[in-house]
Amino acid sequence: MGLLGVLVTELESGKIQNANAELARIVGRDVGAMLEETTAIFRDPDLNRSSVLAELRNEGHLAPFETRFRHRDGHMVPVRVGASLLPEDTAIATATCSADSCSDGKVTVAAT
């Protein structure tokens, strides 16, 4: 597995608390600028966010599922997303993503 993109976000607001360079590359953004935004800047508009958040709250993690991220230039990037609540603060979620070994241009994301 290659480089991992990492995202740490506030669960309710989607405010990005931390992201690494690989995730920024996947969505075509600068890490510093991402820290002033929410996940809405790249989240799939078709994603049922309330359903995803409910599962994350109930289970403490999300099994990987397919969705898309919106790249800064507007094109949608297919991804596989998984997430976990941080044990010390269940209002915070974290996810990791990998852009290597992707078939058909897909980006894979593994739960942490």
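Since the model is a prediction, treat every value here as computed from it, not as a measurement. (Residues numbered from 1 in each chain as written. Predicted model: local features only at pLDDT ≥ 70, side-chain atom pairs only at ≥ 80, totals over all residues. Heavy atoms only, no water.)

Visitor: I'm lost on the pairing of strand E4 (residues 76–86) in this one. Help?
Guide: Here is the key point about a regular strand: its side chains alternate between the two faces of the sheet. In terms of strand pairing, strand E3 (residues 61–70) meets E4 through eight bridges, oriented antiparallel. If you follow His61 over to E4, its bridge partner there is Ser84. The loop that links E3 with its antiparallel partner E4 comprises five residues; one of these, Gly74, has a positive phi angle of about 105°. (Pairing = 2+ DSSP bridges. Helix = DSSP H or I, 4+ residues; strand = E, 2+ residues; numbered from the N terminus.)

Visitor: Explanation requested: the side chain of Thr39 in the structure shown.
Guide: Inspection of the secondary structure puts Thr39 in the loop between helix H2 (31–34) and helix H3 (49–59). Relative accessible area serves as the criterion here: at 10%, Thr39 is assigned to the buried category. Those residues in contact with Thr39 that sit more than four places away from it in its chain are Leu7, Thr9, Gly14 and Ile16. (Buried < 20%, exposed > 50% of the residue type's maximum accessible area, 1.4 Å probe, protein only. Contact = heavy atoms within 4.5 Å.)

Visitor: Sorry, what's going on with the pattern of salt bridges here?
Guide: Between side chains of opposite charge, a pair can form when the charged atoms approach closely. Across all of its chains, the model carries four salt bridges by this definition. Ionic pairing is found between Glu12 and Arg57, a salt bridge with its closest N-O pair at 2.6 Å. Of this pair, Glu12 sits in the loop between strand E1 (4–10) and strand E2 (16–19) while Arg57 sits in helix H3, and the two are 45 residues apart along the sequence. The exposure class assigned to Glu12 is exposed, which follows from its relative accessible area of 52%. The closest approach of N and O atoms between Arg25 and Glu22, which form a salt bridge, is 2.8 Å. Of the two residues, Arg25 and Glu22 both sit in helix H1 (residues 21–27), three residues apart, roughly one turn of that helix. Each of Asp44, Asp46 and Arg68 takes part in salt bridges that share partners, so that together they form one network. (Salt bridge = Lys/Arg side-chain N within 4 Å of Asp/Glu carboxyl O.)

Any link to function would need more than the numbers given here.
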